[in-house]
Amino acid sequence: MKLVNHQEVNVIVTAVAPFGSQVDADGSTGFIDQVKHPSWWSDAAPPQVGDHLHAVVLDDSRTPPRLSALKRDIDIARTLRGRE
């Protein structure tokens, strides 16, 4: 699957680093920066390999594409998709 901006996807964390997490979205690799994971902003558990997350594509021009698991980013993407 090719990831495109504002697309919502279910992902699985495949690797964790101090600066973010690599994820798999149905065969496509993506990346969630640490500040785009709920644990950065709340008492949510930090990401672990094998975690399932709902995310949105923020920048499909990057390699790998950048995603966010924050509700506010998902809500923004839904608004933007409604305008397309």
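Everything here concerns the structure above.
Residues numbered from 1 in each chain as written. Predicted model: local features only at pLDDT ≥ 70, side-chain atom pairs only at ≥ 80, totals over all residues. Heavy atoms only, no water.

Topic: the environment of Ser 39
Okay, so step 1: Summarising the element assignment, Ser 39 is placed in the loop between β3 (28–33) and β4 (52–59).
Okay, so step 2: Residue Ser 39 is classed as partly exposed on the basis of its relative accessible area of 22%.
Okay, so step 3: Every residue in contact with Ser 39, bar those within four places of it in the chain, is listed here: Ala 44, Ala 45, Pro 46 and Pro 47.
Okay, so step 4: One polar contact links Ser 39 to His 37, side chain to side chain, over a distance of 2.9 Å. (Helix = DSSP H or I, 4+ residues; strand = E, 2+ residues; numbered from the N terminus. Buried < 20%, exposed > 50% of the residue type's maximum accessible area, 1.4 Å probe, protein only. Contact = heavy atoms within 4.5 Å. Polar contact = N/O pair within 3.5 Å; in protein donor to acceptor, adjacent residues only side chain to side chain.)

Re the pattern of salt bridges
Okay, so step 1: What the rule picks out here adds up to five salt bridges.
Okay, so step 2: Put simply, Glu 8 and Arg 78 hold a salt bridge, and the shortest N to O gap is 2.7 Å. Linking Glu 8 in strand β1 (residues 8–17) with Arg 78 in helix α1 (residues 71–83), this pair joins segments that are 70 residues apart in sequence.
Okay, so step 3: Assessed through its relative accessible area of 22%, Glu 8 is described here as partly exposed.
Okay, so step 4: Judged by relative accessible area, which is 44%, Arg 78 ranks as partly exposed.
Okay, so step 5: In this structure, the salt-bridge partner of Asp 73 is Lys 36, at a minimum N-O distance of 3.0 Å. With Asp 73 in helix α1 and Lys 36 in the loop between β3 and β4, this pair connects stretches of sequence that are 37 residues apart.
Okay, so step 6: Judged by its relative accessible area of 9%, Asp 73 is buried. (Salt bridge = Lys/Arg side-chain N within 4 Å of Asp/Glu carboxyl O.)

This is a description of form; function is not addressed.
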